[in-house]
Amino acid sequence: MDQSARQRLSNHASLIADAGPEEVLWLGKGRTRETIRPVFKRLDKYCESIEALAMDWNIDFDFEIKEHCPTA
């Protein structure tokens, strides 16, 4: 998981990718819990089998991961 900005302090995008096959799973506009929530809803039952995630520190992402991926 990563986030970046095109310009300082604005226009953020969040990216979620699978490192195994190196494919983008989801790309969204913003960097809040609400921004990344759709990917966890789409992954649904697979979230329970996720054991590890790599990301930049973002407290919103951390809370969302703890809610949807309890074994990560």
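Residues numbered from 1 in each chain as written. Predicted model: local features only at pLDDT ≥ 70, side-chain atom pairs only at ≥ 80, totals over all residues. Heavy atoms only, no water.

### A few points about helix α2 (residues 59–68)
Then, in step 1: The set of residues buried in α2 consists of F61, E64, I65 and H68. Seen along its axis, α2 keeps its buried residues to an arc of 100 degrees; they face one direction.
Then, in step 2: Two or three places before D60, at the start of α2, stands the capping residue N58, its side-chain oxygen 2.8 Å from that residue's backbone nitrogen. (Buried < 20%, exposed > 50% of the residue type's maximum accessible area, 1.4 Å probe, protein only. Helix = DSSP H or I, 4+ residues; strand = E, 2+ residues; numbered from the N terminus. Arc of directions from axis to C-beta. Polar contact = N/O pair within 3.5 Å; in protein donor to acceptor, adjacent residues only side chain to side chain.)

### Focus: the pattern of salt bridges
Then, in step 1: This model, assessed by the stated rule, comprises four salt bridges.
Then, in step 2: Across the salt bridge formed by R33 and E64, the nearest N and O atoms sit 2.7 Å from each other. Separated by 31 residues along the polypeptide, R33 in helix α1 (residues 33–43) and E64 in helix α2 bring together distant segments of the chain. Comparing R33 with E64, the two get one shared label, buried.
Then, in step 3: In this structure, the salt-bridge partner of E64 is R37, at a minimum N-O distance of 2.8 Å. A residue pair is termed long-range when its members are at least 10 positions apart, and E64 in helix α2 and R37 in helix α1 qualify at 27 residues.
Then, in step 4: Here the residues in one salt-bridge network are R33, R37, E64 and E67, joined through shared partners. (Salt bridge = Lys/Arg side-chain N within 4 Å of Asp/Glu carboxyl O.)

### So, the environment of H68
Then, in step 1: Checked against the element boundaries, H68 lands in helix α2.
Then, in step 2: Between the C-alpha atoms of H68 and C47, which are 21 residues apart in sequence, the distance is 6.2 Å.
Then, in step 3: Once you skip the residues sitting within four places of it in the chain, H68 turns out to touch R37, F40 and C47.
Then, in step 4: Reaching out from H68, the side chain makes a polar contact with the side chain of E64 at a distance of 2.8 Å. (Contact = heavy atoms within 4.5 Å.)

Any functional reading would require information that these geometric values do not contain.
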